[in-house]
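Geometric and topological summary
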Amino acid sequence: MKKVLIATEKPFAPAAVNGIREVLNQAGYQMELLESYTTADEWKKAAGDADAMIIRSDKANADVIGSSLKLKIIVRAGAGYDNIDLEACNRAGVVAMNTPGQNSNAVAELAFGLMLYHVRKGFNGKSGSELRGKKLGIHAYGNVGQFMAQIARGFGMELYACDPFVEKANIIADGLKPLNTAEELYKSCDFVSLHIPANEKTRKSIGYSLLSLMPKGGTLVNTARKEVIDEEGLLKLMEERSDINYLSDLAPDAKEIFEDKYPGRFVFTAKKMGAQTAEANINAGIAAATQIVNFFEKGDTTFQVNK
Ligand code: 3PG
């Protein structure tokens, strides 16, 4: 009997765990659950005889990948797979997959939640401002970016997008103005929402020179990854311009500096919250379980990311 380990430091909603169990049991597989673990050793111990794993933002390094000699597949129930050591997977002959699109709406809704909370001054009773008529720049027009556009349209925002990997015609068809460069996007927009992945090219790519192009009152919304921000550059700009704001799902490393020096100009979540809804967990968790069954039963590698 195949054993599938769910290793989630940040647990799925119970309904998602039940859904995953149902998919796996129907295929005759056994599910093991390791939630809220505190050390990698706990994870490695539980992984000992697993044929497959489902994870979230859990850091699947070479040690973890090598902890089960039976491991054939690891699925990141979510979009970004920067937390999986793909080289280690390749060396161990393990297929790595993600579940693109499954939690995108939840992330887009959180980005709007952060914006609303910020423009209404944390609902503190004082006069704030509105999103209608403001310019929103979507930096990378993938699954989350497209949900952002849908929601922003309802708010009456003016929409721009920059994504070299998406045909301009598709961006125009969705009612957005495509811009050729990130520089143009940051220069044109009151709010820029980040949806780029974290990889060698993007790490620390959003910094002083780009952000300083933003107009007065410019607000950066980061529900992507904290690693794509050059925090030093961002702090330099926050210091120079008292109009610039930063909203982020997961606080930056320099959180204490923001708290000390820039009150009212940031919103940070306490834990990564973008995909933390029952719906997103159910979508991504069941997709992950189904992909594992399809991989073992049909050799389906559709969502493999370490090809
Ligand atoms: C993703 O890449 O899908 C999101 O960042 C979700 O991450 P999480 O599963 O840790 O909430």
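Rules of the game
Residues numbered from 1 in each chain as written. Predicted model: local features only at pLDDT ≥ 70, side-chain atom pairs only at ≥ 80, totals over all residues. Heavy atoms only, no water. Helix = DSSP H or I, 4+ residues; strand = E, 2+ residues; numbered from the N terminus. Buried < 20%, exposed > 50% of the residue type's maximum accessible area, 1.4 Å probe, protein only. Expected span 1.5 Å × (residues − 1). Domains from an automatic or database assignment. Contact = heavy atoms within 4.5 Å. Buried area = accessible area lost by both parts, 1.4 Å probe. Salt bridge = Lys/Arg side-chain N within 4 Å of Asp/Glu carboxyl O. Pairing = 2+ DSSP bridges. Axes fitted to C-alpha atoms, helices over the stretch in contact; angles between N-to-C directions. Core = buried A, V, L, I, M, F, W, Y, C linked by side-chain atoms within 4.5 Å. Near = heavy atom within 4 Å. Polar contact = N/O pair within 3.5 Å; in protein donor to acceptor, adjacent residues only side chain to side chain. Areas by Shrake-Rupley, 256 points an atom, 1.4 Å probe, with all protein chains shown as cover. Nonpolar A, V, L, I, M, F, W, Y, C, P; charged D, E, K, R; others polar. Parallel < 35°, antiparallel > 145°, perpendicular 65-115°, else oblique. Left-handed = near helix turned anticlockwise from the far one by under 90°. Right-handed = clockwise from strand over helix to strand, strands pointing away.

1. Some remarks on unusual backbone geometry
- Of note in the backbone geometry, Ser36 takes a positive phi value of approximately 50° without being a glycine.
- Here the phi dihedral of Phe123 falls at roughly 55°; this positive angle occurs in a residue that is not glycine.
- Checked against the element boundaries, Phe123 lands in the loop between helix H5 (104-119) and strand S6 (135-139).
- According to the relative accessible area criterion, Phe123 is exposed, its value standing at 59%.

2. Topic: H5
- Taking 1.5 Å of rise per residue, the 16 residues of H5 would be expected to cover 22 Å, and the 23 Å separating its terminal C-alpha atoms lies within 8% of that figure.
- Taken as a whole, H5 has its buried residues at Ser104, Ala106, Val107, Ala108, Leu110, Ala111, Phe112, Leu114, Met115, His118 and Val119.
- Phi turns positive one or two residues past the end of H5, at Lys121, with a value near 50°.

3. Some points on the domain arrangement of the protein
- Domain boundaries assigned for the protein yield domain 1 (3-102 + 276-298) and domain 2 (104-268).
- Each of domain 1 and domain 2 has a C-alpha centre, and the two are 30 Å apart.
- Counting residues at the interface gives 8 residues for domain 1, matched by 6 residues for domain 2.
- For the pair domain 1 and domain 2, the summed buried area comes to about 510 Å², and 42% of that belongs to carbon and sulfur atoms.
- Taken together, the links from domain 1 to domain 2 amount to 1 salt bridge.

4. A closer look at the sheet that holds strand S10 (residues 219-222)
- Taken in spatial order, the 7 strands make up an open sheet running S8-S7-S6-S9-S10-S11-S12, and their pairing is parallel. Each end of this open sheet is capped by a strand with a single partner; those strands are strand S8 (177-178) and strand S12 (266-268).
- Contacts between helix H6 (residues 143-154) and the sheet are confined to S6, strand S7 (158-162) and strand S9 (191-194), with S6 contributing the most and set at about 170° to the helix.

5. Considering the nonpolar core
- Tyr186, Leu194, Ile206, Leu220 and Phe258 are the most contacted members of the largest nonpolar core, which totals 32 residues.
- With 4 residues, the top contributor of residues to this core is helix H10 (residues 231-240).
- When sequence neighbours within four positions are dropped, the list of residues in contact with Tyr186 reads His139, Val192, Leu194, Ile206, Leu210, Leu211, Leu213, Met214, Pro215 and Leu220.
- Core analysis: the second largest hydrophobic core is formed by 26 residues, Leu131, Ala152, Ala161 and Val221 among them.

6. Thoughts on the site of the ligand
- The environment of the ligand is formed by Lys10, Arg56, Ser57, Arg76, Gly78, Ala79, Gly80, Asn103, Arg225, Lys272 and Ala275.
- Here Arg56 contributes a side-chain N or O atom positioned 2.9 Å from an oxygen atom of the ligand.
- Between the ligand and Ala79, the relevant distance is 2.6 Å, taken from an oxygen atom to a main-chain nitrogen or oxygen of the residue.
- Expressed as a share of its isolated accessible area of 320 Å², the protein-covered part of the ligand is 95%.
- Grouping the constituent residues of the shell around the ligand by class yields 2 nonpolar, 4 polar and 5 charged.

7. Observations regarding the sheet that holds strand S5 (residues 95-98)
- Read from one edge of the open sheet, 5 strands run S2-S1-S3-S4-S5, paired in parallel fashion. Where the open sheet ends on each side, the last strands, each with one partner, are strand S2 (30-35) and S5. Each strand of the sheet is rotated relative to its neighbour by a mean of 20°, with strand direction disregarded.
- Here 4 bridges tie strand S3 (residues 52-55) to strand S4 (residues 73-76), and the two strands are oriented parallel to one another. Among the inter-strand pairings, Ile55 is bridged to a residue of S4, identified as Arg76.
- Each of strand S1 (3-8), S2 and S3 is contacted by helix H1 (residues 14-26), which is oriented at about 155° to S2, the strand it contacts most.
- Docked against the sheet, helix H2 (residues 40-47) engages S1, S2 and S3, running at close to 170° with respect to S1.

8. Here's the deal with the packing of H5 against H6
- Taken N-terminus to C-terminus, the directions of H5 and H6 make an angle of 50°; their axes are 8 Å apart at the nearest point. Between H5 and H6, the interaxial angle falls into the category oblique. In the crossing of H5 with H6, the sense of the turn from one axis to the other is right-handed. Residue-level contacts link Ser104, Asn105, Val107, Ala108, Glu109, Ala111, Phe112 and Met115 of H5 to Asn143, Val144, Phe147, Met148, Ile151 and Ala152 of H6.

9. Regarding the pairing of S1
- With 6 of 6 residues buried, S1 lies mostly within the body of the structure.
- Of the two faces of S1, both are covered, the one formed by Lys3, Leu5 and Ala7 as well as the one formed by Val4, Ile6 and Thr8.
- Note: S1 against S2, 6 bridges, orientation parallel. Looking across to S2, one finds that Leu5 is bridged to Glu32.
- In terms of handedness, the path from S1 via H1 over to S2 forms a crossover that is right-handed.
- Sheet analysis places S1 next to S3, joined by 4 bridges and oriented parallel. Bridged to Val4 within S3 is Ala52.

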